[in-house]
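Residue-level listing of the chains:
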Amino acid sequence: MAPLRSVVLAGGGTGGHIYPLLAFADCLRRHDPDVRITCLGTPRGLENELIPPQGYDLRPIPAYQLPRSVNMNLLRTPDRMWTAARAAGRVLDEVRAEVVVGFGGYVSVPAYLAAWRRGLPIVIHEVNVPPGVANRLGMKMSGKVAVGFPHQPEQSELLRDARVVGVPLRRAIAGLDRDAAREAARRHFGLRPELPTLFVAGGSQGARSINLAVAGAAKALAAAGIQVLHVIGARNEPVPVPVDLPVPYVTLPYLSQMELGYAAADLMLARGGAMTCAEVAAVGLPAIYVPYPHSNQEQKRNALPVVQAGGGLLVDDAELTSDWIEENVIGLVRDPRRLAAMASAAAAYGRRDGDEALLDFVYEAVRR
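The following refers to the structure shown. All figures in this text were calculated on a predicted structure; none of them were measured in a lab.

Analysis parameters
- Residues numbered from 1 in each chain as written.
- Predicted model: local features only at pLDDT ≥ 70, side-chain atom pairs only at ≥ 80, totals over all residues.
- Heavy atoms only, no water.
- Helix = DSSP H or I, 4+ residues; strand = E, 2+ residues; numbered from the N terminus.
- Contact = heavy atoms within 4.5 Å.
- Pairing = 2+ DSSP bridges.
- Axes fitted to C-alpha atoms, helices over the stretch in contact; angles between N-to-C directions.
- Core = buried A, V, L, I, M, F, W, Y, C linked by side-chain atoms within 4.5 Å.
- Buried < 20%, exposed > 50% of the residue type's maximum accessible area, 1.4 Å probe, protein only.
- Disulfide = S-S within 2.5 Å.
- Right-handed = clockwise from strand over helix to strand, strands pointing away.

**Structural notes on the environment of Pro193**
Item 1. Following the sequence through the fold, Pro193 ends up in the loop between helix H8 (178-188) and strand S8 (197-201).
Item 2. The sequence separation of Pro193 and Glu183 amounts to 10 residues, and the corresponding C-alpha distance is 5.3 Å.
Item 3. If sequence neighbours within four positions are ignored, Pro193 has contacts with Glu183, Arg186 and Arg187.

Following this line, the structure appears as structure tokens:
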């Protein structure tokens, strides 16, 4: 089949939409450096910080939050959506788009509408159960749906016929050899190469409950010879960590090169976001998942299959205390055999080829 000449990617608002979009854009460019890649985003979303620095054309269009109940905003939604769709359509026409690939977020809806009106193929990538509201609307215009995890078609009737392709991951993560990179990664953070390492990160914004529990266990972890790499989160207040610990306890507000954290770690303590679960499993890193409690439990559904496969543990946010960490984490980090078994199970569950599999699916959609 002839190579694609112009692809429009839509997704914004959160890292869970933007990071797979960027990984897929990289895949497109690897296969054809001449392909035109245009990304649609909102004027103020996180995409403005992440997409242009990677060298991709970002076109802002108006996008509106979709109400989940019947109210005055719902009555105004059609007019707003068609205004946004007209803006998206102007971009599609200008770049002569051949296909729209959407990753969710409110900006995806006008992209789907504009493509549908022009008869362009629409491919939807979804990582959550239930599907996000934007992608649910997109599914009314296209049956070409790809998902990140095998449990999704089993748990959602809407995704029953979706293609399981995995989650597109950045090459730095998909190609990571943790064993080979471990010593250099630990030195990068000022950690000691020979000590067992706990990596803590509560997502791009951090998680205060996790931060407080781990910091409260700092003395016990250090006394057991366990060093900590702790990403607090850019929007969280610093947590008090005891001084003069016998082993390193390194805190960072944010970490853009997560592959370095994965390489440095023997065990990770994390939330259960879809991207986190996909990346951690793909690189074969054992993890303790603490799903975000104030939601529809999608993070628990994300993490549970990895845990059931033997690649991690699951603990409720309310149960995660400093005492729990002392009782459960210290022994695990100091048990290389158990960690090795968990690492193998995680790697067997995860997959590193989500970008390539999605590209094959997109080619199929265009060919049809």
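**What to know about the environment of Glu356**
Item 1. With respect to the helices and strands, Glu356 occurs in helix H16 (residues 354-367).
Item 2. Through-space distance from the C-alpha of Glu356 to that of Phe24 is 8.1 Å; in sequence the pair is 332 residues apart.
Item 3. Apart from the residues within four sequence positions on either side, Glu356 is in contact with Cys27, Arg30 and His31.

**A closer look at the sheet that holds strand S3 (residues 57-60)**
Item 1. Strand order in the open sheet made by the seven strands is S3-S2-S1-S4-S5-S6-S7, with parallel pairing throughout. Two strands bound the open sheet, and with one partner strand each, they are S3 and strand S7 (163-164).
Item 2. As judged from the two bridges shared by strand S6 (residues 145-147) and S7, these two strands associate in the parallel manner. By the bridge assignment, Val147 is partnered in S7 with Val164.
Item 3. Against the sheet, helix H1 (residues 15-31) makes contact with strand S1 (6-10), strand S2 (36-41) and strand S4 (99-102), and its axis sits at roughly 170° relative to S1, the strand it touches most.
Item 4. Of the strands in this sheet, S4, strand S5 (122-126), S6 and S7 touch H16, which is tilted by about 155° from S5.

**Re the nonpolar core**
Item 1. Core analysis: the biggest nonpolar cluster contains 37 residues, and Leu169, Phe199, Tyr262, Met268 and Tyr289 have the highest contact counts within it.
Item 2. If you list the elements that add at least two residues to this core, you get helix H7 (171-174), S8, strand S9 (227-231), helix H11 (258-264), strand S11 (267-270), helix H12 (274-282), strand S12 (287-289) and helix H13 (298-308).
Item 3. Ranked by the residues each element gives to this core, the list is headed by H12, at seven residues.
Item 4. Those residues in contact with Tyr262 that sit more than four places away from it in its chain are Ile173, Leu176, Arg178, Phe199, Met268, Glu279, Val280, Val283 and Leu285.

**Section: the state of the cysteines**
Two cysteines form a disulfide when their sulfur atoms are joined by a covalent bond.
Item 1. Considering all chains together, one arrives at zero disulfides under this definition.
Item 2. The thiol sulfur of Cys27 is not disulfide-bonded, and the nearest other cysteine sulfur, from Cys39, lies at 14 Å.
Item 3. Judged by its relative accessible area of 0%, Cys27 is buried.
Item 4. Assessed through its relative accessible area of 0%, Cys39 is described here as buried.

**Observations concerning the pairing of S2**
Item 1. Within S2, five of the six residues are buried, leaving the element largely enclosed by the surrounding structure.
Item 2. With H1 bridging S1 and its parallel neighbour S2, the resulting β-α-β unit is right-handed.
Item 3. Pairing geometry for S2 and S3, over four bridges, is parallel. When the sheet's bridge partners are listed, Leu40 is paired in S3 with Arg59.

**What to know about unusual backbone geometry**
Peptide bonds are mostly trans, and most non-glycine residues show a negative phi.
Item 1. Each neighbour pair has its own omega, and for Val129 with Pro130 the value is -5°, a cis peptide bond.
Item 2. Turning to its location among the elements, Pro130 is positioned in the loop between S5 and helix H5 (133-138).
Item 3. Residue Arg96 is not a glycine yet carries a positive backbone phi of 55°.
Item 4. Counting through the fold element by element, Arg96 comes out in the loop between helix H3 (72-95) and S4.
Item 5. By relative accessible area, which is 70% here, Arg96 ends up exposed.
Item 6. Unusually for a residue other than glycine, Asp244 sits at a positive phi of about 60°.
Item 7. Inspection of the secondary structure assignment puts Asp244 in the loop between S9 and strand S10 (249-252).

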